[in-house]
Amino acid sequence: MQKLNSLQGLRFLGFLLIFLNHAGWLLWSEKYFDFGARGVEIFFVLSGYLVAYNYRNAEFAYDLKSSFLYMLSKAKKFYFLHLLTFLIVLFHMERHGFKYPSGLSGFIRDVFLNITLLKSWYDPAKFTFNGVTWFLSCILFIYLCVPFVIHFFRCKKWGGTAVFSFLILLLLKMAFDTFGYKMGMNPWPGVFGWYCNPAYRLFDFLLGYTGFLVLEKTSLKMPFWKISIIQCATLTFYFAACRLFDKQWIPASFILLTLVLIFSFALPGGVSRVLCKSIQ
């Protein structure tokens, strides 16, 4: 199976957007758009897209034990670094006499949630200690679900079913975004939060997964320059939409744009391949 190396450029874009979200204040007083949200979406949707590309026909054990072992096999690649950064933050807090806002009980609770990478399930703990590791909490849950997702979609006879699944997931995502972001509804205030919740982020992953199933039969055989124009135009439109509709659109709309961006960058040839080689 040919690797989609051209998509490494989008990984870099995701990293860059997240970096700008956290360090952009050094360059400007006001963000042009929500860099962090868009970068995070790229990672979750791209993960789903690539898992579907690599494993859509694979034989996967899908019982709970196998899923747990699969999750652990992924977690061991980053858990040591996660634990190291957690201990560094803990040492820094102790050295500077930092008093934990929620007291000793809250401190013990959040230490447990951080060590077990469950912090994103409890909204007040999501940014505690090393704040960015909320992403790891979400991706760990997604890894747990991956064998079940692969098995579920592998057992379907595709055709219109892929499109139907994608549309249902998109409608659910739009409903959650409308209730959560536009209307400010929260089923469990003080416990649940939309942005970092692993179950909510699973929808981004699934939209990437089913998005690939919808698009995999689409083949555009074009010369290098035409593909390059498509990729540049798609990227330009993506940034323009992020800027113009930053406060108007719900996340589901940007997910659709992200899928279009991924599809265009997955086309053989074009500037995406040049970009990929330049960052390797």
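These numbers were taken from a predicted model, which means no experiment stands behind them.

Participant: Explanation requested: the nonpolar core in the structure shown.
Facilitator: Nonpolar side chains in soluble globular proteins generally cluster together in the buried interior. Within the largest apolar cluster, 63 residues are counted, with the highest numbers of intra-cluster contacts made by Leu7, Leu10, Tyr49, Phe205 and Tyr209. Residue assignment for this core shows that the elements contributing at least two residues are α1 (8–23), α2 (35–55), α3 (64–75), α6 (134–154), α7 (160–182), α8 (198–215), α9 (224–244) and α10 (251–266). One finds Phe86, Tyr100, Val111 and Phe129 within the second-largest nonpolar core, a separate group that totals five residues.

Participant: Would you take a moment to explain the packing of aromatic side chains for this structure?
Facilitator: Geometrically, a pair of aromatic rings is defined through the distance of the ring centres and the angle of the planes. Under the counting rule described, the total for this entry stands at 27 aromatic pairs. With a centroid separation of 6.3 Å and 80° between ring planes, the pair formed by Trp134 and Phe135 is classed as edge-to-face. For Trp134, a relative accessible area of 7% puts it in the buried group. With a centroid separation of 6.4 Å and an interplanar angle of 45°, the aromatic rings of Tyr181 and Tyr200 are classed as tilted. Of this pair, Tyr181 sits in helix α7 while Tyr200 sits in helix α8, and the two are 19 residues apart along the sequence. When its relative accessible area of 37% is taken as the criterion, Tyr181 is described as partly exposed. Among the aromatic residues, ring-to-ring pairing joins Phe176, Tyr181, Trp188, Phe192, Trp194, Tyr200 and Phe203 into one connected group. Positioned above the aromatic ring of Tyr143 is the side chain of Lys74, whose terminal nitrogen or guanidinium carbon lies 5.9 Å from the ring centre. Sitting above the plane of the Tyr195 ring, Arg201 keeps its charged end 4.6 Å from the centroid.

Participant: Honestly, a nonpolar patch on the surface in this entry has me stumped. Any pointers?
Facilitator: Together, Phe164, Ile168, Leu171, Leu172 and Met174 give the surface a local cluster of nonpolar side chains, amounting to about 460 Å² of exposed area. Relative to the assigned elements, Leu172 resides in helix α7.

What counts, and at which threshold
- Residues numbered from 1 in each chain as written.
- Predicted model: local features only at pLDDT ≥ 70, side-chain atom pairs only at ≥ 80, totals over all residues.
- Heavy atoms only, no water.
- Core = buried A, V, L, I, M, F, W, Y, C linked by side-chain atoms within 4.5 Å.
- Buried < 20%, exposed > 50% of the residue type's maximum accessible area, 1.4 Å probe, protein only.
- Helix = DSSP H or I, 4+ residues; strand = E, 2+ residues; numbered from the N terminus.
- Phe/Tyr/Trp six-rings, centres within 6.5 Å; stacked < 30°, edge-to-face > 60°.
- Lys NZ or Arg CZ within 6 Å of the ring centre and 35° of its normal.
- Patch = residues over 30% accessible without salt bridge, like charges linked within 9 Å, V, L, I, M, F, W, Y side chains within 5 Å.
- Areas by Shrake-Rupley, 256 points an atom, 1.4 Å probe, with all protein chains shown as cover.
- Salt bridge = Lys/Arg side-chain N within 4 Å of Asp/Glu carboxyl O.

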